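Coordinates in review
Single-letter residue listing:
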Amino acid sequence: MSFFLVPYRILRVLACIARWESFQKHTMALNPTIVLFLALATLATISSAAEEFCPEECHCGFESGNFFVDCSGLALTELPHFPDVNVQILDLSDNGFTYVPSQLAQFSNLRYLDMSSNLIATLPPGSFSGLGSLKQLNLAKNNISSWANIYPNELLQTVPSLEELSLAENHFTSFSSNDPSLVLLSLSLKYLDLGNCKITKIAGKEVIQGLPALEHLKLNGNPMHGMSDIRSTSLKTLDLSNCKLVTLQPTVFSGLESLTYVNLATELQVIFVE
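The protein has a UniProt comment under Subcellular location (unreviewed entry) that states "Cell membrane".

Here you go:
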């Protein structure tokens, strides 16, 4: 973005942050009382600038230099008006959304999006269009009852930088590659959380081969009685704790070339069948 196109309010906040960093470097030798006064004045200015373009009823501020907007727990069903869209962290959790608002496409600098604990049942292609900078996406505790309803071939194609995805505590029952259209595809995803869903089976060796960068997979708390061999050259950790696994084939992990850790903690005894 051209410097001259940056809205004035954003420039004001950036100036405040720069002033705070400069303040930290140049006030070490001042009287402690003066330092405290200047610190409080600078932080008050930053807080005022943040709240100036905060959506009504939401809470805004800065976290590690990132502008965050917290609109959680407000019973929202539509996205509120944002005076400015240069947002890096957006929390829309614990609301009443039944879909992903198309207006999210305006947040081109968004890095973290939390839409957990809503009422979303389907994720049509293009749900996250425009979010090219997104790295973390939390969709846990929604109403997704079928893996097909997330359109896994297309879901992550508009978020090429995404590294972490949580779909935990949804209601789909299978995680399969028997149908090529059901394979989740992403070149960047490193962490996938499918814990505490209702998955009873993992079918097909190619189930995670559409995720060549995947390093961590959580399947804990699912009512799985067994699983087939799966393949991945990148997966390092696999969480199968508190599932209902009773037997596993000796070759079940042989296709996981980089695997270093498997969590099989459970109240039942897991038997590897020869």
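Brief notes about the pairing of strand S2 (residues 66-70)
Alignment of strand S1 (residues 59-63) against S2, held across five bridges, turns out to be antiparallel. Paired with Gly-61 across the bridge in S2 is Phe-68. Here S1 folds back onto S2 in antiparallel fashion, the turn holding two residues, of which Ser-64 has a positive phi close to 55°. Pairing geometry for S2 and strand S3 (residues 89-91), over three bridges, is parallel. Counterpart to Val-69 in the pairing with S3 is Leu-90.

A few points about the environment of Phe-67
One can find Phe-67 in strand S2. What makes Phe-67 buried here is its relative accessible area of 3%. Distance in space between the C-alpha atoms of Phe-67 and Val-87 is 5.4 Å, their sequence separation being 20 residues.

What to know about unusual backbone geometry
At Lys-141, a position not held by glycine, the phi torsion is positive, near 60°. Mapping Lys-141 onto the fold places it in the loop between strand S5 (136-138) and strand S6 (164-166). Residue Lys-141 is classed as partly exposed on the basis of its relative accessible area, which comes to 42%. The residue Asn-242 is not glycine, and still its phi comes out positive at about 55°. Using a relative accessible area of 53% as the deciding quantity, one classes Asn-242 as exposed.

Comments concerning the sheet that holds S2
Spatial strand order, S1-S2-S3-S4-S5-S6-S8-S10-S11-S13: ten strands in an open sheet with mixed pairing. Taken across any chain shown, the strands that pair with only one partner, and hence form the sheet edges, are S1 and strand S13 (261-263). Each neighbouring strand pair of the sheet contributes to a mean axis angle of 5°, computed without reference to strand direction. Of the strand pairs in this sheet, strand S11 (residues 237-239) and S13 are connected by three bridges, and their pairing is parallel.

Digging into the pattern of salt bridges
As enumerated under the stated definition, the model contains three salt bridges in all. Note that Glu-215 is salt-bridged to Lys-236, the shortest N-O span being 4.0 Å. With Glu-215 in the loop between strand S9 (201-203) and strand S10 (216-218) and Lys-236 in the loop between S10 and S11, this pair connects stretches of sequence that are 21 residues apart. Exposure remark for Glu-215: the relative accessible area of 23% places this residue in the partly exposed category. Close ionic contact of Lys-218 with Asp-239 constitutes a salt bridge, the shortest N to O distance being 3.1 Å. Within this pair, whereas Lys-218 is found in strand S10, its partner Asp-239 is found in strand S11, the two being separated by 21 residues in sequence. A residue is classified by how much of its surface remains accessible, and Lys-218, at 22% relative accessible area, is partly exposed.

What counts as what
Residues numbered from 1 in each chain as written. Predicted model: local features only at pLDDT ≥ 70, side-chain atom pairs only at ≥ 80, totals over all residues. Heavy atoms only, no water. UniProt positions renumbered as here; feature names shortened; annotations may be inferred. Pairing = 2+ DSSP bridges. Helix = DSSP H or I, 4+ residues; strand = E, 2+ residues; numbered from the N terminus. Buried < 20%, exposed > 50% of the residue type's maximum accessible area, 1.4 Å probe, protein only. Axes fitted to C-alpha atoms, helices over the stretch in contact; angles between N-to-C directions. Salt bridge = Lys/Arg side-chain N within 4 Å of Asp/Glu carboxyl O.

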